[in-house]
Amino acid sequence: MKKQLLFLSIYLSFLILQTASQKHACDKGSPKTSNFPFCNTSLSYEARAKDLVSRLTLEEKAQQLVNPSAGISRLGVPAYEWWSEALHGVSNVGPGTRFDSRVPGATSFPAVILSAASFNATLWYKMGKVVSTEARAMYNVDLAGLTFWSPNVNVFRDPRWGRGQETPGEDPLVVSRYAVKYVRGLQEVDDEAGVKADRLKVSSCCKHYTAYDVDNWKGIDRFHFDAKVTKQDLEDTYQPPFKSCVEEGHVSSVMCSYNRVNGIPTCADPDLLKGVIRGQWGLDGYIVSDCDSVEVYYDSIHYTATPEDAVALALKAGLNMNCGDFLKKYTANAVNLKKVDVSIVDQALVYNYIVLMRLGFFDNPKSLPFANLGPSDVCTNDNQQLALDAAKQGIVLLENNGVLPLSNTKIKKLAVIGPNANATTIMISNYAGIPCRYTSPLQGLQKYISSVSYAPGCRNVKCGDQSLFAAAVKAAASADAVVVVVGLDQSIEAEGLDRENLTLPGFQEKLLKDVAGATKGTVILVIMAAGPIDISFTKSVSNIGGILWVGYPGQAGGDAIAQVIFGDYNPGGRSPFTWYPESYVDQVPMTDMNMRANSSRNFPGRTYRFYNGNSLYEFGHGLSYSTFSTYIASAPSSIIIQNTSFSEPHNILSSNSSTQLESLSDGQAIDISTISCLDLTFLLVIGVKNNGPFDGSHVVLVFWEPATSEQVSGAPIKQLVGFERVHVLMGMTEFVTVKIDICQELSNVDSDGKRKLVIGQHTILVGSSSENQVRHHIDIKLSGSMKGEGFMNE
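Values in this document were obtained by computation on a predicted structure and should not be read as measured data. (Residues numbered from 1 in each chain as written. Predicted model: local features only at pLDDT ≥ 70, side-chain atom pairs only at ≥ 80, totals over all residues. Heavy atoms only, no water.)

1. So, the overall build of the chain
Scanning the chain from N- to C-terminus turns up 23 helices and 31 strands. Seen through its C-alpha atoms, the chain measures out along the principal axes to roughly 90 × 80 × 50 Å. A burial count over the chain gives 60% of its 794 residues as buried. When contacts within the chain are restricted to residue pairs at least 6 apart in sequence, those whose partners lie at least 24 apart make up 77%. Working note: accessible area of the chain is about 29,300 Å², and carbon and sulfur atoms make up 49% of it. One finds the centroid of the 69 positive side-chain charges in the chain at a distance of 5 Å from the centroid of its 79 negative side-chain charges. (Helix = DSSP H or I, 4+ residues; strand = E, 2+ residues; numbered from the N terminus. Buried < 20%, exposed > 50% of the residue type's maximum accessible area, 1.4 Å probe, protein only. Contact = heavy atoms within 4.5 Å. Areas by Shrake-Rupley, 256 points an atom, 1.4 Å probe, with all protein chains shown as cover. Lys, Arg positive; Asp, Glu negative; His and termini not counted. Charge placed at Lys NZ, Arg CZ, Asp CG, Glu CD.)

2. Digging into the state of the cysteines
With the rule as written, the count across this model stands at seven disulfides. A sulfur-sulfur separation of 2.0 Å characterises the disulfide bridge that pairs Cys-206 with Cys-245. Taking the torsion about the S-S bond as the criterion, the Cys-206 to Cys-245 disulfide, at about -75°, is left-handed. Remark: Cys-245 occurs in helix H10 (residues 240-247) and Cys-206 occurs in strand S4 (residues 206-209); sequence separation between them is 39 residues. Of the residues examined, Cys-206 reaches a relative accessible area of 0% and is grouped as buried. (Disulfide = S-S within 2.5 Å.)

3. Thoughts on the sheet that holds strand S8 (residues 253-256)
Pairing between sheet strands relies on hydrogen bonds along the backbone, with the strands arranged either parallel or antiparallel. Within the open sheet, the three strands sit side by side as S4-S8-S11. Their pairing is parallel. Both outer strands of the open sheet, S4 and strand S11 (286-289), are each paired with one neighbouring strand and no more. Ignoring strand direction, the axes of neighbouring strands in this sheet form an average angle of 30°. As judged from the four bridges shared by S8 and S11, these two strands associate in the parallel manner. Opposite Cys-256, over in S11, you have Ser-289 as the bridge partner. (Pairing = 2+ DSSP bridges. Axes fitted to C-alpha atoms, helices over the stretch in contact; angles between N-to-C directions.)

4. Here we look at the packing of helix H6 (residues 121-139) against helix H16 (residues 381-394)
Two measures define how a pair of helices packs: the angle their axes make with one another and the distance between the axes. Interaxial distance between H6 and H16 falls to 11 Å at its minimum, and their mutual angle equals 145°. Taken as a pair, H6 and H16 cross one another with a handedness that is left-handed. Listed contacts from H16 to Leu-123, Lys-126, Met-127, Val-130 and Glu-134 of H6 are Asn-383, Leu-386, Ala-390 and Gln-393. Looking at the contact of H6 with H16, its residues break down into five nonpolar, two polar and two charged. (Left-handed = near helix turned anticlockwise from the far one by under 90°. Nonpolar A, V, L, I, M, F, W, Y, C, P; charged D, E, K, R; others polar.)

5. Thoughts on the packing of aromatic side chains
Counted according to the given criterion, the structure contains 33 aromatic pairs. Each ring, one from Tyr-178 and one from Tyr-182, has its centre 5.6 Å from the other, and the planes form 20°; the classification is stacked. You can see Tyr-178 and its partner Tyr-182 sitting in helix H7 (residues 172-187), four residues apart, about one turn around the helix. With respect to class, Tyr-178 is no different from Tyr-182; both count as buried. Residues Tyr-448 and Phe-566 carry aromatic rings whose centres are separated by 4.8 Å and whose planes lie at 5° to one another, so their mutual orientation is stacked. Placement of Tyr-448 in the loop between helix H17 (441-446) and strand S15 (451-455) and of Phe-566 in the loop between helix H20 (557-565) and helix H21 (583-587) is noted, with a sequence separation of 118 residues between them. (Phe/Tyr/Trp six-rings, centres within 6.5 Å; stacked < 30°, edge-to-face > 60°.)

Here is the structure:
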């Protein structure tokens, strides 16, 4: 009998696995509903979607514009929950995803801000692939949806922003590259048939569009905030990541934000939605609102007189999907009141259904290329190893006086102290799911030293009193080395919560000083936080031998931290943001969206591109246990551009050319719309030598200093135009090639938001300001007459 029950249990488990995902349209088992034209896979997605929409009543249409969509049982179309999240792993934050005994957790990668610090685009793509594989595996057992509203591609403009942890940092190029790689990792299918059919593995969504980075600062919240943004800043800071998402990443969704931009709610702005996302960039997908944002601009800021006006405005602007239920409540009435035409509703639904069809929601799940995925494909050893690798690659060595790496043979007693020293859930940041497992910093360090004493020092990161200091000081006094893990958590920086200062909370600074004063050994400071913290006080604490920034390092954070501290991994991460002094927040209101410095109002500018003040650590700073040297092996010395008003070939790159040039003086600015920008690129070949004493990875950062021009004001001080991460063995040299797009990377944006290429001498800088930078000058000239093919001479 027991054997029979066991067999029955196994059979039922198998049956559940096979049938749990059967909620799909066009089920062949229902001939009454599977023979509609929208089930005919020989037709185009658009034709099928239009056929389906044509069969819906107005009330049914309204019910499909929201999450969850109700489905249409009479047509065999099941309900669908659109909202799932996968910011840095499959998350159960959205109602579309859950965990149970079959899949109790999923691989939890570091917060995006730390993964971005790796400056490794290949890693970002691999992460996306792992997350989408685990998502499909969970979908196959009815634990997840197929539409994931990730990633966050807002630029980390202000260090106080609570959601900076979700972003790839302050640089538009890094954010753009991350967005493209992660989106493609999520969405792309590997098989040829899937590519040909324009299939999606899962659907990704780039958010929050646009100029969104104030959550709640001194009582000013995202629901009421009106971001006043110049055309110049919009073009070269806020929009590039979204443009890259759509044009290069081919993302299948964009989410509009809560805030207004220059007086208009983003979800009600036809210029931003219809005009730019779909018109200029060519989105192949749907536009979704942030949750309840249509209701917010009606109810919170009273932007429209009636709910129907709010709905009509959003639909006519180009919104297709409402996170929330506002469109379900008021769309039909808005149509009946002739505030919006039903054809606009139909088009919105067509965009939505095409995405579901590309995902296979209208196909037999067994026929899909991912049908064989299941619980065994979640939390695999390889996936978890990648999460550990991501954490290690992102960790930034801020300071080292030669103490690091520590020796696990010389150190007999180790003290591990601090409010984040035994962190678990703190490490997985926000928008996280349930991880496969945790390794806290304490647990990771205990793998290296057998005698470890632990004292938190503070009850939590707010560290409101000193009652636990005595135990921490006692532990430090008898230790050969002390690792102090300080920082922040979601009670300090989070969605809906911005910081008001850049200091360590509560008595954390005093804890560190007291511990350092008590020990005879060295102190290693570990900062677990997303945003920068003013730690300038550490300069006066002489026995702090090394400082690490570890972001929120994910499920394997403890192992990553320990392996770096004890030298089993040579750190190579670079800071993805500027570390400002505390005085910055007194000088700069968070609500001031301007990027450029303005001396007339004592405004120092934002991010490394425009900030003219002092910083603790600059963007791109990061040390290694090795010494690397770089040199430029190959680069053009001049670039001759062909104006499109001439019929000859469009560009020539040369060190010695007899081409006749137009009489344009240095400093003149040419609108790139008059230049043939297609394939207008050049290559930089850079040699990287590892001088030892460890093997390690080096991040090659390539910056650009623009040519001077009186015709274009507000040029950046410098700007990242390329980067590559390369592993180099001790004593060896490796070469990396960086491709530079001239029109995009070497153009300035004027006050009208137009990109201009300046004639004259431009400078390429290899390396951050904390390295020995290599400089190379390139003269850009405009050709008036040119014959023959383009060429390059060294």
